[in-house]
Each structure stands twice: as C-alpha cells, then as structure tokens.
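Summary of the model geometry
Okay, here's what each chain looks like letter by letter:
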Amino acid sequence: MLSLHSISKDYRTGAFGGATMTAVRDVSFDVGVGEVVSLIGESGSGKSTIGRMILRLASVTRGKVTFDGADISAYRGPALKEYYRDVQGVFQDPFSCYNPVFRADRVFAMIKEEYFPRVPREEWAEKIEAAVEAVRLNPGEVLGKYPHQLSGGQLQRLLIARALLLDIKLLVADEITSMLDASTRIDVLNLLADLKARGLGVLFITHDLSLGNYVSERTIVLRRGSIVEMGPTNLVFGNPLHPYTIKLLDSVPRLHEKWDVDAERPAEPAWAVEPLVEAEPGHFVAGYAA
Amino acid sequence: MALRVSDLTVHYRTLRGAVKALDGVTFEVGDGEILGLAGESGSGKSTLGKSLIRMDGRMRHVGGTVELDGKELPIGDDGAMNRFRYKEVSLIPQYAMSALNPTRKIGKMVADLLDSHGVRYKSVEEELGRRLDLVELPAEVLGKYPIELSGGMKQRMVMVISTLLDPSLLIADEVTSALDVSTQKAVATTLAGFRNRGFVKSMIFITHDISLTHQIADTIMVMYAGKLAEKAPADTVVRAPRHPYTKALINSLPEVGVQYAERKLAGIPGSPPSLLNPPAGCRFRDRCPLAFDKCGEQPPAVEVAPGHLVACCKA
C-alpha cells in the first residue's frame with residue numbers, strides 16, 4: 001500500500017544554509033493493508049521526519065514515497081485533499097490539538113465541511129457516534145464536552161475517531177501514547193491493534209521498545225537516519241543481530257528482571273552507513289556478516 | 001531514619017477552593033535507602049517531592065510534619081527552609097537542559113551557587129574534579145557554556161552539582177523521562193552509584209515508570225489521588241502487589257516479549273477523582289473491581305507484612 005523508495009531528507013544548517021544535515025538516509029520499507037509497523041528510534045533518529053514526509057508535511061529530498069503505486073509528491077490541491085482522505089496522522093500531544101475555547105467535538109466539524117458537505121446532519125451525527133464507539137468511548141460521555149473535561153486518553157482517542165471518519169487506509173501514529181498514563185495508554189494501543197481488523201494500516205512511531213513490541217507485526221529500528229535492523233517483530237526482538245539493537249534492548253527497564261549494574265556496559269557501537277543484508281528470511285540487518 | 005514524614009497534607013489554592021493534592025501521607029525513608037515514588041499524573045507524587053524542598057506560591061502546608069535526621073524541616077516557611085536547601089535536601093530538576101544558566105560559564109555558575117549557600121568554591125574544587133571524573137566529564141566543561149554540552153552531558157553535570165555538598169536527602173523528580181533509553185539507563189545507574197558511594201544518604205526517585213524505578217529503588221511507594229496506596233520492597237510491589245490499583249497498574253504495562261496477539265493487556269477503566277472535592281472513603285473505589293460497601297470509609301494504611309503497607313480493606 002505505502003512504499004518508501006530509498007528516501008532521504010537533508011536539512012540546511014549553518015548561518016547561511018551552507019551546510020547540510022542528513023536527517024534521513026536511504027530509507028526503504030513498505031506498509032501493507034491491515035498491517036501495524038513500528039518505527040523505533042531514539043531522539044534524532046529521523047523517525048518523526050519520516051512520518052512527516054509520508055504526511056507531506058516535509059518535502060522529500062531524494063527518493064520517492066508511493067501510495068497505492070502513485071507518487072505522492074506530485075499531488076497538488078484537490079489531489080492532495082483526496083490523499084488525506086486515505087492517510088491521516090495523529091501526534092504526540094493531544095492537549096495542544098484542541099482549541100480550549102471550543103467543545104472538543106469541533107474537530108469533527110472541519111472534516112464535515114471539507115470532505116462531507118452534502119451529508120445530512122442526522123446521518124453525520126450517526127457517523128460520529130459510530131466512529132466514537134469504534135475507539136471505545138461512550139458518545140454520551142465525551143460529545144459536547146470541553147477539552148479540559150476529558151482525559152488525555154479520551155482526547156487522543158477522539159483524534160483517532162476523527163481520522164476514522166474519513167475511512168482512512170493508513171494512520172501515521174507519531175508517539176501517540178507518550179503523554180498518556182500507563183493505565184490509559186494500553187487502551188489506545190489495544191485500539192490500534194483492533195483497528196487493523198478493519199483493514200487499517202498503521203505506522204506506529206515510538207521510542208519505547210516495549211510498546212512497539214506489543215502492537216506491531218513488523219519492526220524497523222532506525223539510527224541516525226538509516227535503518228539498522230528490520231523484520232518481523234518476533235525476529236527483531238527475539239534475535240537482535242545488530243549491536244545497536246542489542247544495546248537498546250539491554251537498556252530497556254523490565255519488570256521482572258533487574259539490570260546487572262556492575263556488568264560492563266556495552267560500548268556505543270561505532271556508526272557507519274552499511275547496506276542491509278538479509279540475515280534470515282525477512283530479517284534485514286545493516287552490515288551483517290554471517 | 002533519615003526522613004520521617006507524618007500525616008503530610010498539602011493543598012493547592014485555586015479560585016474554586018483547595019485542591020487536596022496531598023492528603024495525610026505518612027512514610028519513612030531509611031539511611032542509604034532509595035525510595036521509588038510511582039504514580040500517574042495527579043497522584044501527588046511531584047507535590048510530595050516539591051513540598052520537601054520548596055513549595056511554590058500556590059501550595060499551602062495544611063498539616064503534618066517532616067523530620068530529617070531528627071530535625072524538623074520548616075517546610076511551610078520558605079525563608080527558614082533556605083538553611084536546609086542544597087546542603088541537607090537537594091533536588092535534581094526534570095529538565096537539565098534548562099536548569100543551567102545559559103549566560104554563565106558552568107564553573108562560574110557553580111561558584112555563584114556555592115557562594116549563595118555560604119560555601120567557598122576553593123574548598124570543594126578538588127572534590128568537584130573527582131566527581132566530574134566519576135561521571136566521565138572532562139574538567140574543561142567548567143570553562144564552557146551550557147550550550148556547548150550535549151543533553152546527556154548537561155544531565156550528568158546537573159547531577160554532580162546537585163549532590164556536591166553531600167546532601168542527606170536527594171529528590172530526583174522525573175529525571176529520566178525526557179531521555180533516550182540508553183541514556184536513561186546510564187543516568188539511573190549513576191544515581192544508584194552516588195548512593196553507594198555515600199554522596200547522598202537517601203534518595204526519593206520520582207517517576208511514572210514502575211519498571212524503571214524497580215531497577216534502582218529499594219522500596220517503591222505507589223500513590224493514587226493524593227494518598228498512599230501501597231509501599232513495599234521493590235520486588236514485592238512488582239511480584240506480589242496487594243492493592244487492587246497496584247495490581248491493575250502492573251498488569252497494564254507492556255513488556256518486551258509481550259505481544260498483543262498472544263496476551264492482551266487491559267487498562268484501568270475510568271479516571272481518578274477530582275481532588276477539589278474528593279469523595280469520602282477510598283479514592284480508587286470508582287475504578288476498583290473489588291469495591292464494596294465498606295470502601296465508603298477511608299482505609300488506613302495497614303502493615304500486612306514487615307515493611308509492606310497497603311491502604312485497602314480487601315488486601
């Protein structure tokens with residue numbers, strides 16, 4: 001469905017834009033129908049830049065992004081609007097996505113004005129209720145409320161409901177649970193996993209390895225803009241092969257296992273751009289030598 | 001006992017009345033103990049941390065006492081607390097990136113800070129050098145501006161500055177939540193190392209992440225809506241929690257190796273009560289699967305096993 005063909009992103013830096021900084025380097029992967037793919041990386045790994053390029057919020061410097069076979073960079077005006085009917089994003093901070101002066105369900109009104117101007121009011125109300133129920137919220141409890149009366153988890157799920165109204169095919173979820181409490185976070189994750197039964201593809205961008213591990217079928221680990229390891233989640237987490245992935249997994253705090261504090265800390269593996277090698281079926285590792 | 005907090009109650013003043021953010025919390029922290037303070041947003045964990053060092057303008061000390069090494073801390077009196085701050089009670093702020101003065105060289109800033117607490121820079125200079133060495137920072141950083149340091153370096157610098165005078169109590173409030181996983185591990189283990197070397201006598205490590213706190217804390221205290229829910233040795237909280245809230249919270253945490261398709265985790269339905277007018281009785285009652293009539297009265301924290309306190313009448 002969505003394919004990235006060795007895309008790169010350069011940012012101009014320096015006082016006069018003379019120097020360039022490569023935030024994303026030759027990244028290729030695809031997301032299929034009804035598939036949850038997690039994109040894991042630390043700060044500065046370019047994970048959000050990739051999400052923004054897919055959403056056309058940032059331009060692609062080299063390479064191309066295709067959706068259902070068509071290059072998305074060519075879309076202008078009405079064609080771009082149609083693209084957003086299929087692809088939507090939800091971001092980290094649900095509190096800043098709402099105008100505190102208006103009721104929270106105002107976010108749905110813009111969708112109606114832009115995409116469904118001719119749908120009668122009753123039918124639209126039903127559609128909203130169905131979408132709100134699809135994200136496991138009780139319409140009576142959340143509709144007509146102001147943002148401060150709702151919890152972060154509820155606001156975040158309303159934004160997902162807003163995306164569902166369009167009957168989208170791909171959701172770019174950029175750190176959507178990092179502002180939520182542990183007890184409500186899991187409901188949003190379960191929701192994402194349930195939505196794939198409706199055929200929704202999800203690109204789940206996160207820095208938290210355990211969350212990525214929980215929801216996704218495929219995992220992509222990024223480091224400084226390039227992919228270091230990619231494959232089915234159970235292979236990447238069960239049999240990590242790149243030293244960087246091994247170090248990341250070693251640093252994750254686990255509930256039932258304590259860190260060995262006295263153990264020699266593995267050194268930060270040296271960084272180099274290496275080609276991806278298929279280590280086992282479907283499991284790609286940068287610079288892997290069998 | 002290094003720290004003894006009895007029945008501490010702190011309210012926030014708002015236009016609509018007092019928000020009872022901390023409501024009668026009693027606990028102790030022993031010498032050389034790291035207490036992990038866990039809870040969700042609005043549980044009162046940061047309010048507790050702040051009360052022990054500096055209350056902001058909206059906070060009001062309503063009742064209860066705090067005793068550090070046998071001396072009572074005048075926590076409601078901003079001026080009188082100055083004698084204790086930094087020397088006896090110190091704090092590592094959450095955002096190390098913005099904790100350093102950007103217009104001053106770091107060494108100069110440290111000297112100013114020491115000066116304001118009546119300590120001569122020369123008398124601690126040697127120790128400062130040794131501690132920078134310990135966290136693998138070159139001594140040259142003292143001649144640099146904060147902007148010249150990376151995020152991880154600033155975090156380590158702040159840790160060294162906060163503990164320079166060997167405070168009795170160190171409060172670390174969400175110090176790792178803005179960091180990457182690998183830096184997070186380094187910061188957490190460094191903090192534990194400071195305790196092991198005796199730079200700080202005891203520590204309160206505040207975080208929302210139980211799996212992280214479990215890595216370094218000796219005891220974990222779980223708070224809910226301004227009250228203590230459960231306090232027990234770290235392993236007990238994770239392996240055999242007794243309070244229904246702690247149980248539900250532990251069960252909602254995804255771990256590496258747990259996948260949706262194999263084991264679906266459940267969240268806790270509902271949300272915490274408003275602390276403006278909290279309902280009488282147990283504050284977790286509305287979300288609790290075990291709630292019954294008796295939960296209408298506030299359950300006292302009962303010691304169910306040595307060192308294991310639970311505030312629930314079902315436990």
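Residues numbered from 1 in each chain as written. Chains lettered and ligands numbered in written order. Predicted model: local features only at pLDDT ≥ 70, side-chain atom pairs only at ≥ 80, totals over all residues.

1. A short note on the overall build of chain A
From N to C terminus, chain A includes 10 helices and 12 strands. On C-alpha atoms alone, chain A measures out to a radius of gyration of 20 Å, which is about the 19 Å that the 2.2 N^0.38 rule sets for 290 residues. On the principal axes, the C-alpha backbone points of chain A span a range of 60 × 50 × 45 Å. When each of the 290 residues of chain A is scored for burial, the buried share is 43%. (Helix = DSSP H or I, 4+ residues; strand = E, 2+ residues; numbered from the N terminus. Rg over C-alpha atoms; globule rule 2.2 N^0.38 Å. Buried ≥ 20, exposed ≤ 12 C-beta atoms within 10 Å, placed from the backbone.)

2. Some details on the sheet that holds strand 11 (residues 302-305) of chain B
All names here are of chain B. In spatial order, the strands read 6-7-8-3-9-10-12-11; together these eight strands make up an open sheet with mixed pairing. If you trace the sheet from one side to the other, it starts and ends with strand 6 (89-92) and strand 11, each paired once. In this sheet, neighbouring strand axes are inclined to one another by 25° on average, regardless of whether the strands run parallel or antiparallel. Bridge count between strand 3 (residues 34-38) and strand 9 (residues 219-224): four bridges; the pairing is parallel. Following the sheet pairing, Leu37 is matched in strand 9 by Met221. Against the sheet, helix 5 (residues 151-162) contacts strand 6 and strand 7 (169-173), and its axis sits at roughly 175° relative to strand 6. (Pairing = 2+ DSSP bridges. Axes fitted to C-alpha atoms, helices over the stretch in contact; angles between N-to-C directions. Contact = placed C-beta atoms within 7 Å.)

3. Looking at the interface of chain B and chain A
Accessible area lost when the parts come together is the quantity often used to give the size of an interface. With 33 residues of chain B at the contact, the number on the chain A side is 32 residues. Among the elements of the structure, helix 6 (181-196), helix 7 (210-216) and helix 9 (244-251) of chain B are those that each provide at least two residues to the side of chain B that touches chain A. Sorting elements by how many residues they give to the side of chain B that touches chain A places helix 6 of chain B first, with six residues. In terms of residue class, the side of chain B that touches chain A is made up of 14 nonpolar, 13 polar and six charged. (Nonpolar A, V, L, I, M, F, W, Y, C, P; charged D, E, K, R; others polar.)

4. Examining the UniProt feature "domain: ABC transporter" (unreviewed entry) in chain B
The positions that UniProt labels "domain: ABC transporter" (unreviewed entry) are, in the present scheme, residues 3-250 of chain B. Along residues 3-250 of chain B, the helical share is 34% and the strand share 28%, with 27 Å between the first and last C-alpha atoms. (UniProt positions renumbered as here; feature names shortened; annotations may be inferred.)

5. Thoughts on the environment of Glu136 of chain B
Summarising the element assignment, Glu136 of chain B is placed in the loop between helix 4 (121-134) and helix 5. Once the C-alpha coordinates of Glu136 of chain B and Gln215 of chain B are considered, the two residues, 79 residues apart in sequence, prove to be 22 Å apart.

6. Concerning the nonpolar core
Counting residues in each nonpolar core, the largest one holds 84 residues, and the members touching the most others are Leu37, Ala172 and Phe205 of chain B. At six residues, strand 2 (residues 17-29) of chain B tops the list of elements feeding residues into this core. Excluding anything up to four places from it in sequence, Ala172 of chain B contacts Ile92, Leu191, Met203, Phe205 and Ile206 of chain B. Grouped together as the second largest cluster of nonpolar side chains are 76 residues, Ile176, Leu200 and Leu241 of chain A together with Val181 of chain B included. (Core = buried A, V, L, I, M, F, W, Y, C linked by C-beta atoms within 7 Å.)

7. Focus on the sheet that holds strand 4 (residues 59-68) of chain B
All names here are of chain B. In spatial order, the strands read 2-1-4-5; together these four strands make up an open sheet with antiparallel pairing. Only two strands of the sheet have a single neighbouring strand rather than two, namely strand 2 and strand 5 (71-72). One ladder, built from eight bridges, connects strand 1 (residues 3-14) with strand 2; its direction is antiparallel. When the sheet's bridge partners are listed, Val5 is paired in strand 2 with Phe27.

8. Comments concerning the domain arrangement of chain B
Residue and element names in this part refer to chain B. Taken domain by domain, chain B consists of domain 1 (3-88 + 171-310) and domain 2 (91-166). On the side of domain 2, 13 residues touch domain 1, which itself brings 18 residues to the contact. Broken down by element, the side of domain 1 that touches domain 2 gets its largest block of residues, five residues, from helix 6. Among the residues making up the side of domain 1 that touches domain 2, the classes are represented as 12 nonpolar, three polar and three charged. (Domains from an automatic or database assignment.)

9. Structural notes on helix 7 (residues 182-195) of chain A
Residues three or four positions apart in an α-helix share a direction because the helix packs 3.6 residues into each turn. The terminal C-alpha atoms of helix 7 of chain A, which comprises 14 residues, lie 21 Å apart, in line with the 20 Å expected from a rise of 1.5 Å per residue. Most of helix 7 of chain A sits out of view: 10 of its 14 residues are buried. Among the residues of helix 7 of chain A, Ala182, Ser183, Thr184, Arg185, Ile186, Asp187, Val188, Leu189, Leu192 and Leu195 of chain A are the ones counted as buried. Structurally, helix 7 of chain A contributes buried residues whose contacts are with strand 3 (36-40), helix 6 (152-165), strand 7 (170-174), strand 8 (201-206) and helix 8 (209-215) of chain A together with helix 9 of chain B. (Expected span 1.5 Å × (residues − 1).)

10. Notes on the confidence of the model for chain B
When pLDDT is averaged along chain B, the result is 90, and 100% of the positions lie at 70 or above. Quick note on the complex model: pTM equals 0.86, ipTM equals 0.78. (pLDDT = per-residue confidence, 0-100.)

11. Looking at the environment of Ala109 of chain A
Residue and element names in this part refer to chain A. As for its placement among the helices and strands, Ala109 is situated in helix 3 (residues 106-115). Classification of Ala109 as partly exposed rests on a count of 13 C-beta atoms within 10 Å. Through-space distance from the C-alpha of Ala109 to that of Gln88 is 16 Å; in sequence the pair is 21 residues apart.

12. What about the pairing of strand 12 (residues 283-286) of chain A?
Each regular strand shows side chains that alternate between the opposite faces of the sheet. Residue and element names in this part refer to chain A. Along strand 12, one buried face is formed by His283 and Val285 and the opposite face, lined by Phe284 and Ala286, is buried too. With two bridges connecting them, strand 10 (residues 226-232) and strand 12 associate as antiparallel partners. Across the sheet, residue Met230 finds its bridge partner in strand 12, namely Phe284. Of the pairings in the sheet, the one linking strand 11 (residues 276-280) to strand 12 comprises four bridges and is antiparallel in character. Opposite Leu276, over in strand 12, you have Ala286 as the bridge partner.

13. Digging into the pairing of strand 9 (residues 218-223) of chain A
Residue and element names in this part refer to chain A. Burial runs high along strand 9: six of the six residues are buried. In the sheet, strand 3 pairs with strand 9 via four bridges, with the strands oriented parallel. Across the sheet, residue Ser38 finds its bridge partner in strand 9, namely Thr219. Where strand 9 lies against strand 10, six bridges are found, and the strand directions are antiparallel. Bridge pairing in strand 10 links Arg223 to Ser226. Counted along the chain from strand 9 to the antiparallel partner strand 10, the turn is two residues long, and its residue Arg224 has a positive phi close to 45°.

14. Topic: the packing of helix 4 (residues 121-134) of chain A against helix 6 of chain A
Residues and elements named next belong to chain A. Where helix 4 meets helix 6, the axes come as close as 8 Å, and the angle between the chain directions of the two elements is 130°. Taken together, helix 4 and helix 6 sit at an angle that is classed as oblique. At the point where helix 4 passes helix 6, the crossing takes the right-handed sense. Each of Lys127, Ala131, Val132 and Ala134 in helix 4 lies in contact with helix 6, whose residues at this interface are Ala161, Leu164 and Leu165. (Parallel < 35°, antiparallel > 145°, perpendicular 65-115°, else oblique. Left-handed = near helix turned anticlockwise from the far one by under 90°.)

15. Quick word on the environment of Gly69 of chain A
Residue placement: Gly69 of chain A occurs in the loop between strand 4 (62-67) and strand 5 (70-71). For Gly69 of chain A and Thr206 of chain A, which are 137 residues apart along the polypeptide, the C-alpha to C-alpha distance reads 27 Å.

16. Details of unusual backbone geometry
Residue and element names in this part refer to chain A. With a phi angle near 30°, Ser6 is a residue other than glycine that sits in the positive phi range. Within the secondary structure, Ser6 sits in strand 1 (residues 2-13). Here Asp26, not a glycine, exhibits a phi torsion of approximately 45°, which is positive. With respect to the helices and strands, the residue Asp26 is situated in strand 2 (residues 19-31).

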